[in-house]
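Each chain, written out:
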Amino acid sequence: MSYTVAYKSILIPHHIGHTQRVKNAFATISKASFLYQFPELQSKNGSWSKFRTSPSPVKGSLRAFRCNSSVSIVENNTSDASITLQTRPSPAETCRTLMELCLEGTLCTLAEDGWPFGTGVEFAVDVQGMPVIYLDPLSVLARHVLLNKCCSLHVQPRCRKAQCTLIGSLSRQEDKKLKQRLQLMWARRFGKEVNEDHLYVLAVERILQSQDLCEEGLWVNALDYSRASADPLRDRVANIVKDMNDKHLEDIHRICNIYTDLDAEIEEASMIWIDRLGFDLSIRTHPQREILEVRIPFPREVTDEKDAKSSLTYMAQIAWEVEKNYAPLDFERVKCMSKLR
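These figures come from a predicted structure and were not determined experimentally. Think of each chain on its own: its residues are numbered from 1, step by step along the sequence as written. Where local features are concerned, this predicted model is filtered to residues with pLDDT of at least 70; where side-chain atom pairs are given and counted, the filter is 80 or more; whole-chain, interface and lining totals use all residues. Excluding hydrogens and water, the side-chain values take into account all heavy atoms of the structure.

Asker: Summarise the overall build of the protein; cite the residues concerned and give the values.
Answerer: For the protein, the helix and strand inventory stands at ten helices and 13 strands. When a residue's accessible area, from a 1.4 Å probe over protein chains only, is under 20% of the maximum for its type it is buried; when over 50% it is exposed; and in between it is partly exposed. Burial statistics for the protein: of 341 residues in total, 46% are counted as buried. Should any heavy atoms of two residues lie within 4.5 Å, those residues are counted as being in contact. Counting only contacts in the protein whose residues sit at least 6 apart along the sequence, the fraction spanning at least 24 positions is 64%. As presented, the protein carries roughly 18,300 Å² of accessible surface, and 50% of it is formed by carbon and sulfur atoms. Comment: elements are numbered from the N terminus, with helices defined as DSSP H or I runs of at least four residues and strands as E runs of at least two. For every accessible area listed, the method is Shrake-Rupley and the probe measures 1.4 Å; residues are considered covered only by the protein chains on display.

Below is the structure:
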């Protein structure tokens, strides 16, 4: 089956169906996802720059990619792991992301009398995710560590409720080259130099990670944590969330109406978090005035800010088409939500 474009003629595989509304396929579908679906285009045409993305006459249009909007998480349903899409980063990935996002945490040590003692500290992170902490040799924490190396570091960013507590032993490094690398790592993160002999590394043994303050946490072992990677959107989360809430509230509201299965009317909706697999929304219902939190997955994994915004635009377009009855609802709607109050 062939679709003729005013600027380029390409062959579209027969399994791509029609929607009832004629639109420009190139403006709707992200470049990365389109080339991923049809790799022969990339090799045949060289680069995407040869295609025009402004509105142009197209005979027919491309059907939306199927989006599985189930909120069941792979980790909690191992029997269906082979057929259920992962909708949220794993606990180990979440821990790595939190450690990269945060600059401060609460370090708890054991005092001389055996009571736990906690105070705020700055920390850097090495390549394996192990926290690097500077302790003044005259500080209370430094004295505690000399007596007992066992400690914990609690970390929670200001922008979300997810948190993690790393448990392990805190000690100084003896290798000169390693101490110099730690000093350089600290300078890059905080823009200041410190005495390399006062830098300690927390050798993590296990981690407790939870998504919310009232939610029971999950234990992550040190090996899974060290092998995991931080989310690629972590440094752009605040910008994306602010942009969506400031400029695209109508799209967020429409996505809520179409991608979620609610019995109540949505009075307000806002984005609170985004990562490579999806995004979290806060919803207030009417007339119940309940505050709900819902997770909506992306149709596919995204890799950067541009890719994430492209997917959000694509989902908003599909929601608009379903809302106007231009396209059928051919994906499962989110049914499970967290009630906050």
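That covers the picture; the talk isn't over yet.
Asker: Help me get a handle on the side chain of His198, residues and values and all.
Answerer: Within the fold, His198 resides in the loop between helix H6 (176-190) and strand E8 (199-210). Classification of His198 as buried rests on a relative accessible area of 18%.

Asker: Before we move on, can you summarise the environment of Gln156 with the specific residues and values?
Answerer: Summarising the element assignment, Gln156 is placed in the loop between strand E6 (150-155) and strand E7 (163-172). Judged by relative accessible area, which is 31%, Gln156 ranks as partly exposed. Spatially, the C-alpha atoms of Gln156 and Cys95 are 9.9 Å apart, while their sequence positions differ by 61 residues. In this structure Gln156 touches Cys102, Lys161, Ala162, Gln163 and Leu213, once residues within four positions along its chain are discounted. Whenever two N or O atoms come within 3.5 Å, that pair is a polar contact, provided that in protein one can donate a hydrogen and the other can accept it, and provided that, for residues adjacent in sequence, both atoms are side-chain atoms. Within the local environment of Gln156, its side chain forms a polar contact with the backbone oxygen of Lys161, the two atoms lying 3.3 Å apart.

Asker: Mind laying out the packing of helix H8 (residues 237-247) against helix H10 (residues 305-323), listing which residues take part and the relevant values?
Answerer: Between the N-to-C directions of two axes lies an angle of 0 to 180 degrees, each axis being a line fitted to C-alpha atoms and, for a helix, fitted only over the stretch in contact. Where H8 meets H10, the axes come as close as 11 Å, and the angle between the chain directions of the two elements is 30 degrees. As judged from the angle between their axes, H8 and H10 are roughly parallel. For the element pair H8 and H10, the recorded crossing hand is right-handed. In contact with Asn239, Ile240, Asp243 and Met244 of H8, H10 contributes Glu305, Ala308, Lys309 and Leu312. Only Asp, Glu, Lys and Arg are considered charged in this grouping, and only Ala, Val, Leu, Ile, Met, Phe, Trp, Tyr, Cys and Pro are considered nonpolar; every other residue, Gly among them, is considered polar. Looking at the contact of H8 with H10, its residues break down into four nonpolar, one polar and three charged. Orientation is classified from the angle alone, with under 35 degrees giving roughly parallel, over 145 giving roughly antiparallel, 65 to 115 giving roughly perpendicular, and any other angle giving oblique. Each helix crossing is assigned a hand: it is left-handed if the near helix lies turned anticlockwise from the far helix by less than a right angle, otherwise right-handed if that turn is clockwise.

Asker: Got a sec to walk through the nonpolar core? Specific residues and values, please.
Answerer: In this structure, Met99, Leu107, Leu135, Leu166 and Leu170 are the most contacted members of the largest nonpolar core, which totals 37 residues. Elements with a contribution of two residues or more to this core: helix H4 (91-101), strand E4 (116-125), strand E5 (131-134), helix H5 (140-147), E6, E7, H6 and E8. With six residues, the single largest contributor to this core is E8. Sequence-distant contacts of Leu135, that is, excluding residues within four places in its chain, are made with Leu107, Leu141, Ala142, Val145, Leu170, His198 and Tyr200. Of all hydrophobic cores here, the second largest spans 33 residues; its members include Leu233, Ala269, Leu292 and Ile318. Take the buried residues of types Ala, Val, Leu, Ile, Met, Phe, Trp, Tyr and Cys, join any two whose side-chain atoms come within 4.5 Å, and each joined set is a nonpolar core.

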